Amino acid sequence: MAKEKLHHILEAQQFSRQWLEEEFFPELDYISKLFEPDPVFKSMPVLGSPAYSTFLKNKSVCVLFYEPSSRTRISFGQAAGLMGAHVESTSEAKKFSSAAKGESLKDFIRTVSDYHFDAVVLRSDYVGGAHEAAKVSGTVPIINAGDGPGQHPTQALLDVATIRKFIGTLDGLNVTLVGDLKNGRTVRSLAYLLSKFHGNHLSLVAPQSFQMKPDILEKLSGRVSFSQHSNLLEIAQNSDVIYMTRLQTERIPYMKKLPLGWQFVLAKRFLHAKDVSISEAVMEKVRDDAIIMHPLPRSEGFDELPERFTDDPRVRAFRKTGQPGQTGMGLYTRMALLKILLW
Amino acid sequence: MAKEKLHHILEAQQFSRQWLEEEFFPELDYISKLFEPDPVFKSMPVLGSPAYSTFLKNKSVCVLFYEPSSRTRISFGQAAGLMGAHVESTSEAKKFSSAAKGESLKDFIRTVSDYHFDAVVLRSDYVGGAHEAAKVSGTVPIINAGDGPGQHPTQALLDVATIRKFIGTLDGLNVTLVGDLKNGRTVRSLAYLLSKFHGNHLSLVAPQSFQMKPDILEKLSGRVSFSQHSNLLEIAQNSDVIYMTRLQTERIPYMKKLPLGWQFVLAKRFLHAKDVSISEAVMEKVRDDAIIMHPLPRSEGFDELPERFTDDPRVRAFRKTGQPGQTGMGLYTRMALLKILLW
Amino acid sequence: MAKEKLHHILEAQQFSRQWLEEEFFPELDYISKLFEPDPVFKSMPVLGSPAYSTFLKNKSVCVLFYEPSSRTRISFGQAAGLMGAHVESTSEAKKFSSAAKGESLKDFIRTVSDYHFDAVVLRSDYVGGAHEAAKVSGTVPIINAGDGPGQHPTQALLDVATIRKFIGTLDGLNVTLVGDLKNGRTVRSLAYLLSKFHGNHLSLVAPQSFQMKPDILEKLSGRVSFSQHSNLLEIAQNSDVIYMTRLQTERIPYMKKLPLGWQFVLAKRFLHAKDVSISEAVMEKVRDDAIIMHPLPRSEGFDELPERFTDDPRVRAFRKTGQPGQTGMGLYTRMALLKILLW
């Protein structure tokens, strides 16, 4: 059977293990390799344009954000720009806040589709925005860069790419997801993706009121095993991957109206910071071959992953001694996806 | 007499029929043709860079917006970027809101003129901003992308370009302008431009308090015939073009201070939505060879052009079966103008 | 001794006279020359790409602003873009306003460092932000584009570049700094830089409560002579350079909370506009070979440098008869710096 061409990137569930292994990882490895230090290239500064610089020549990408997120927006813009695309970017797409937002999003997508963009990277401010966009974008691929509290599939892809890079496999892992599992879309998308592989166990560590929702657990049930915990310390030693998240105060109705200082204090209290955060005691338990991840941003105060652990070799959120962190894997992931979609 | 070189684009009145026919439309047709599917080009993905990709090579364009308008800003940025220009874009030019805004705009234009931009696309937040900018920009062309409630000449050009494309002529037309004719700058600019051609009749459909202002009517008088109406249904059958607009709540002092929900309700009531909006009854009357246009955005609720009519073949706001809508004609129009000014 | 390679641009004090004369000014002169009208080039529009257009080929620059400043942001973006770099730019980096801002800035820098940017241009919203960024950016150069009320070193470089261009020397000058010397970071950075040269005298003209702070004066003491004044008129005739500044109302705690109209009125009163602003009487005293500068923006109302003097040949804030002003020298300065850092 002929391979089905990838058209949109909407949710973590859409990726099969086969697609990951036959399309995505090879492309990702190829892109990553182009960024490795290369003495031959270094000596030819003029002729030696890196291969990636023309992958999207004469292409253009519209980066359309209805919620601010400089980090993700810059990541996509840089991914497209490094490959030679023209990038138009806005974070002010949202002007109105009425019930009609779905309609206005669709008109915006219809408009930029007619502007001859080759792809639209969309951060919508409500669940399902990317799916609605895909319905009206015609031949133009939509890449979901987060749909409100819904999905964030490229984050899930960069997360599994990071695990694969540093652990070497995506099967038979003990992955510990920690923090606000109720509102965090990254943990949800990652859990879906890990369930495509074999023998993984998810340890869900959160205060009871921030545990993963039953409907998600039901979907995962039978495809991946999981257990619920309220204390990271007891599970740290047995983890191959510890995935930290912050409290998503901006997703919690009664909280997002409070002054930031209050949100900060309440976040600390609700998360029982000691039990679901990285501490010296936890770090003593974490094995040397395990990795600690964080989708960023860290919470105010960095309670869940304090600054003093940033440079620990097991923390792979950022670049370390010539090795990309999750951030760099995010760049490579978005470059690989854009190349697969547009080349 | 030698042709006068176009320097700035400030208002719809500046364009003669001769310039439109001898300069603008030929350039527009050439640009449009470069976007048509071309089997030869498709088979040469590497060598076959589209001709437009170098029209603005080594040029740079500053897109300077004092009012947010992602749609127009992206349209100009994409137009310049597709032709190879470097684009610097800001929508935060406005920081202060005092009486001195004219002075501060002029300093901004003086500044970017000294940054070696080849053109400045300006959306100012008051009438006359583009003219003031043109006085101090030296040799740098100013393109008016809307001066508050004043003019929006590139919108008027894309509107006549759309009519010409789908109707085939700009003479002897019955053009029906519908909605908020008092505050809508696009209908005003379009009316000016249509008055350059022969035998056109404008039907102005609006609630009495939103009719076109007497000073505009006086200027049009003798150059184009017009009639005033309060009900679209009665005039629909006789229209070659029906041009819908939304209530410009943000231009109405007492309205723009209300919460958006209230603006929405009042807009519905003031426009007597049934009489000045597209309905099934209206659509039955509209001829098959007529077109329905909208400058976008549609109002909250889409009352004047409901979502269910979006895919009707007569509605030409958006791309349809391989044909650009007004949106795509906007891209081609801005590309043609930038090429005429900068090449 | 081998020259030390410039890595970061953090503060005016870091530049030696030797570096300015052996590295910066030659590069600046070379860049400036590429923008001069050239009849040979003009006749070859296709082949004749300007030399600068490839200086940063395959490079990318992240322009990261925690405070809005369209002017400076566009200046850096254009500088990088004209030399062929891909530019990612954001002015919305600041989302939170808590005590943890230093931590969150560092994470942002760690992130973009891992996105393979070749340089980060940073406007932080607190003193020391650029230094903190430099600690965590690894091999990626940080260019300080203003750290709150702290430093603005590229402004100081463009200021001395302007003086050098129009006066011809940076030694033995009478430089008069006027206005809000307490809060203005540009005068502070310029004073540091002028103290590297010989025989300069600084006349500090400000109302007593806006005079330069004693700690700055102490640092300058012994390296440059200075005198304090409260009236510009008495010192105008003896000045080679008159450097005007506006009241930095946004840096004055009790003022920035007032409505803009009140800030405007208070600014007028506090600055005793007649004594520390350009007037006809002052202009009569200023010599023909002296220059008047302003780092922009001018204050609301332009009290310190009224609009009617803008076109006077001694005012060098803006382009004049084919000569760049401070604004154009700012573009060349930033191009030269990026080339030195990245080429």
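Analysis parameters
Residues numbered from 1 in each chain as written. Chains lettered and ligands numbered in written order. Predicted model: local features only at pLDDT ≥ 70, side-chain atom pairs only at ≥ 80, totals over all residues. Heavy atoms only, no water. Helix = DSSP H or I, 4+ residues; strand = E, 2+ residues; numbered from the N terminus. Rg over C-alpha atoms; globule rule 2.2 N^0.38 Å. Buried < 20%, exposed > 50% of the residue type's maximum accessible area, 1.4 Å probe, protein only. Contact = heavy atoms within 4.5 Å. Lys, Arg positive; Asp, Glu negative; His and termini not counted. Charge placed at Lys NZ, Arg CZ, Asp CG, Glu CD. Domains from an automatic or database assignment. Buried area = accessible area lost by both parts, 1.4 Å probe. Salt bridge = Lys/Arg side-chain N within 4 Å of Asp/Glu carboxyl O. Nonpolar A, V, L, I, M, F, W, Y, C, P; charged D, E, K, R; others polar. Core = buried A, V, L, I, M, F, W, Y, C linked by side-chain atoms within 4.5 Å. Least-squares fit on C-alpha atoms with pLDDT ≥ 70 in both. Pairing = 2+ DSSP bridges. Axes fitted to C-alpha atoms, helices over the stretch in contact; angles between N-to-C directions. Polar contact = N/O pair within 3.5 Å; in protein donor to acceptor, adjacent residues only side chain to side chain. Phe/Tyr/Trp six-rings, centres within 6.5 Å; stacked < 30°, edge-to-face > 60°. Right-handed = clockwise from strand over helix to strand, strands pointing away. Parallel < 35°, antiparallel > 145°, perpendicular 65-115°, else oblique.

> Explain the overall build of chain A to me, using residue names and the numbers behind them.
A count of helical and extended segments in chain A gives 13 helices and nine strands. At 20 Å, chain A has a C-alpha radius of gyration in line with the 20 Å of a compact globule built from 343 residues. Overall, chain A is about 55 × 55 × 45 Å in size when its C-alpha atoms are taken along their principal axes. Out of the 343 residues belonging to chain A, those deemed buried represent 62%. Once local pairs closer than 6 in sequence are excluded, the contacts in chain A between residues at least 24 apart make up 74%. Charge-centre separation for chain A: the mean point of 42 positive side chains lies 2 Å from the mean point of 38 negative side chains.

> Lay out the domain arrangement of chain A in plain terms, naming residues and giving numbers.
Residues and elements named next belong to chain A. Once the domains are mapped, chain A shows domain 1 (12-152 + 326-342) and domain 2 (154-309). Distance between the C-alpha centres of domain 1 and domain 2: 25 Å. Taken residue by residue, the interface counts 31 residues in domain 1 and 29 residues in domain 2. Buried area between domain 1 and domain 2, summed over both chains or domains, comes out near 2,500 Å², and the portion from carbon and sulfur atoms is 58%. When the buried area of domain 1 at its contact with domain 2 is split by residue, Arg17, His152 and Gln326 rank highest and sum to 30% of it. Taking the shortest distance from any N to any O, the salt bridge between Arg164 and Asp29 comes out at 2.8 Å. If you list the elements that add at least two residues to the side of domain 1 that touches domain 2, you get α1 (17-34), α3 (70-82), β4 (142-147) and α13 (326-342). The biggest single contributor to the side of domain 1 that touches domain 2 is α1, with eight residues. A class-by-class count of the residues in the side of domain 1 that touches domain 2 yields twelve nonpolar, eleven polar and eight charged.

> How would you sum up the nonpolar core? Please name residues and give values.
In terms of nonpolar packing, the biggest core is built from 95 residues, with Leu177 and Met212 of chain A together with Leu64 of chain C touching the most fellow members. When residues in this core are grouped by element, the largest group, ten residues, is from α13 of chain A. The next biggest cluster of nonpolar side chains, apart from the first, holds 94 residues, and it includes Leu6, Phe25, Phe55 and Ala267 of chain B.

> Tell me about the relation of the copies chain A and chain C, and name the residues and values.
When chain A is fitted onto chain C, the two copies agree to an RMSD of 0.0 Å after a turn of 120° and an axial shift of 0.0 Å. In short, the pair behaves as if placed about a three-fold rotation axis.

> So what about the sheet that holds strand β6 (residues 201-205) of chain B? Which residues, and what values?
All names here are of chain B. With respect to topology, five strands assemble into an open sheet ordered β7-β6-β5-β8-β9, the strand pairing being parallel. Both outer strands of the open sheet, β7 (225-229) and β9 (291-293), are each paired with one neighbouring strand and no more. Mean inter-strand twist for the sheet, computed between neighbouring axes without regard to direction, equals 20°. As paired elements, strand β8 (residues 241-244) and β9 share three bridges and run parallel to each other. Pairing of Val241 across the sheet is with Ile291, part of β9. Packing against the sheet, helix α6 (residues 153-167) makes contact with β8 and β9, and its axis sits at approximately 165° to β9. In the packing of helix α7 (residues 185-194) onto the sheet, contacts are made with β5 (174-178), β6 and β8, and the angle to β5 comes to roughly 165°.

> Kindly report on the environment of Thr333 of chain C, identifying the contributing residues and their values.
Mapped onto the elements of the fold, Thr333 of chain C is located in helix α13 (residues 326-342). Sequence-wise, Thr333 of chain C and Ala206 of chain C are 127 residues apart; in three dimensions their C-alpha atoms are separated by 29 Å.

> With reference to specific residues and values, describe the interface of chain A and chain C.
How big an interface is tends to be reported as the loss of accessible area on association of its parts. Between chain A and chain C, the residue contacts involve 34 residues of the former and 28 residues of the latter. Roughly 2,700 Å² is buried in total at the junction of chain A and chain C, and carbon and sulfur atoms are behind 52% of that figure. Note that Arg110 of chain C is salt-bridged to Glu307 of chain A, the shortest N-O span being 2.6 Å. The interface formed by chain A and chain C holds 16 residue pairs in polar contact (both at pLDDT 80 or more) in total. Mapped onto the side of chain A that touches chain C, the elements with two or more residues apiece are α3 and α13 of chain A. When residues in the side of chain A that touches chain C are grouped by element, the largest group, nine residues, is from α3 of chain A. Grouping the amino acids of the side of chain A that touches chain C by side-chain chemistry returns 14 nonpolar, 14 polar and six charged.

> Any chance you could break down the packing of aromatic side chains for me, citing the residues and the numbers?
All names here are of chain A. Here the structure, examined in full by the defined rule, presents 24 aromatic pairs over all chains. With 5.6 Å between their ring centres and 10° between their planes, Trp19 and Phe24 make a pair best called stacked. Owing to a relative accessible area of 11%, Trp19 belongs among the buried residues under this scheme. Given a relative accessible area of 0%, Phe24 falls into the buried group.

> So what about the sheet that holds strand β6 (residues 201-205) of chain A? Which residues, and what values?
Residues and elements named next belong to chain A. If you walk across this open sheet you meet the five strands as β7-β6-β5-β8-β9, and the pairing is parallel. Looking along the sheet, the strands with just one partner apiece sit at the ends: β7 (225-229) and β9 (291-293). Across the sheet, the mean angle from the axis of one strand to that of its neighbour is 20°, orientation sign disregarded. The strands touched by helix α6 (residues 153-167) are β8 (241-244) and β9; relative to β9, the strand with the most contacts, the crossing angle is about 165°.

> Quick rundown of the pattern of salt bridges? Include the residues and the values.
For the coordinates displayed, the defined rule picks out 48 salt bridges over all chains. Linking Asp107 of chain C and Arg298 of chain A is a salt bridge whose minimum nitrogen-to-oxygen distance equals 2.7 Å. Taken as a pair, Asp107 of chain C in helix α4 (residues 101-113) and Arg298 of chain A in the loop between β9 and α13 lie in two separate chains rather than in one. One salt bridge connects Arg287 of chain C with Asp240 of chain C, and the closest N-O pair in it is separated by 2.7 Å. Linking Arg287 of chain C in the loop between α12 (280-285) and β9 (291-293) with Asp240 of chain C in the loop between α9 (233-236) and β8 (241-244), this pair joins segments that are 47 residues apart in sequence. Look at Asp240 of chain C and you get buried, because its relative accessible area is 14%. Taken together, the shared-partner salt bridges in this structure form one network comprising Lys106, Asp107 and Arg110 of chain A together with Arg298 and Glu307 of chain B.

> Give me the lowdown on the interface of chain B and chain A, citing residues and values where you can.
In this complex, chain B contributes 33 residues to the contact, which on the side of chain A involves 29 residues. For the pair chain B and chain A, the summed buried area comes to about 2,700 Å², and 52% of that belongs to carbon and sulfur atoms. Across the chain B-chain A interface, the total number found is four salt bridges. A salt bridge links Asp114 of chain A to Arg319 of chain B; the shortest N-O distance between them is 2.8 Å. Where chain B touches chain A, the interface holds 16 residue pairs in polar contact (both at pLDDT 80 or more). Where the side of chain B that touches chain A is concerned, the elements lending two or more residues are α3 (70-82) and α13 (326-342) of chain B. Sort the elements by how many residues they give to the side of chain B that touches chain A and α3 of chain B lands first, with nine residues. For the side of chain B that touches chain A, the per-class residue count stands at 13 nonpolar, 14 polar and six charged.

> Tell me about helix α7 (residues 185-194) of chain A, and please be specific about residues and values.
In terms of burial, α7 of chain A is a largely internal element, ten of the ten residues being buried. The complete set of buried residues in α7 of chain A reads Arg185, Thr186, Val187, Arg188, Ser189, Leu190, Ala191, Tyr192, Leu193 and Leu194 of chain A.

> Outline the pairing of strand β1 (residues 60-65) of chain C, supporting the account with residue identities and numerical values.
Residue and element names in this part refer to chain C. With six of its six residues buried, β1 lies for the most part within the structure. Neither face of β1 is left uncovered, since the one carrying Ser60, Cys62 and Leu64 and the one carrying Val61, Val63 and Phe65 both have all their residues buried. For the crossover from β1 across helix α3 (residues 70-82) to strand β2 (residues 86-90), the handedness is right-handed. With five bridges joining them, β1 and strand β3 (residues 119-124) adopt parallel strand pairing. Along β3, the bridge assignment pairs Leu64 with Leu122.

> Go over the packing of α1 of chain A against α6 of chain A, please, and point to the residues and values.
All names here are of chain A. At a minimum axis separation of 12 Å, α1 and α6 run at an interaxial angle of 75°. Taken together, the axes of α1 and α6 are roughly perpendicular relative to one another. Mapping the contact onto sequence places Trp19, Leu20, Phe24, Phe25, Leu28 and Asp29 in α1 and Leu157, Val160, Ala161 and Arg164 in α6.

> Which residues make up the side chain of His229 of chain A, and what values do they have?
Residues and elements named next belong to chain A. With respect to the secondary-structure elements, His229 resides in strand β7. For His229, a relative accessible area of 14% corresponds to the buried category. A polar atom in the side chain of His229 sits 2.8 Å from the side chain of Ser227.

> Lay out the side chain of Lys320 of chain C with the relevant residues and their values.
All names here are of chain C. On the secondary structure map, Lys320 appears in the loop between β9 and α13. Here Lys320 is buried and forms no salt bridge, its nearest opposite-charge partner Asp311 lying at an N-O distance of 5.2 Å. Engagement of the side chain of Lys320 in a polar contact is seen with the backbone oxygen of Thr310, the distance being 2.8 Å. Within polar-contact distance, the side chain of Lys320 engages the backbone oxygen of Asp312 at 2.7 Å.

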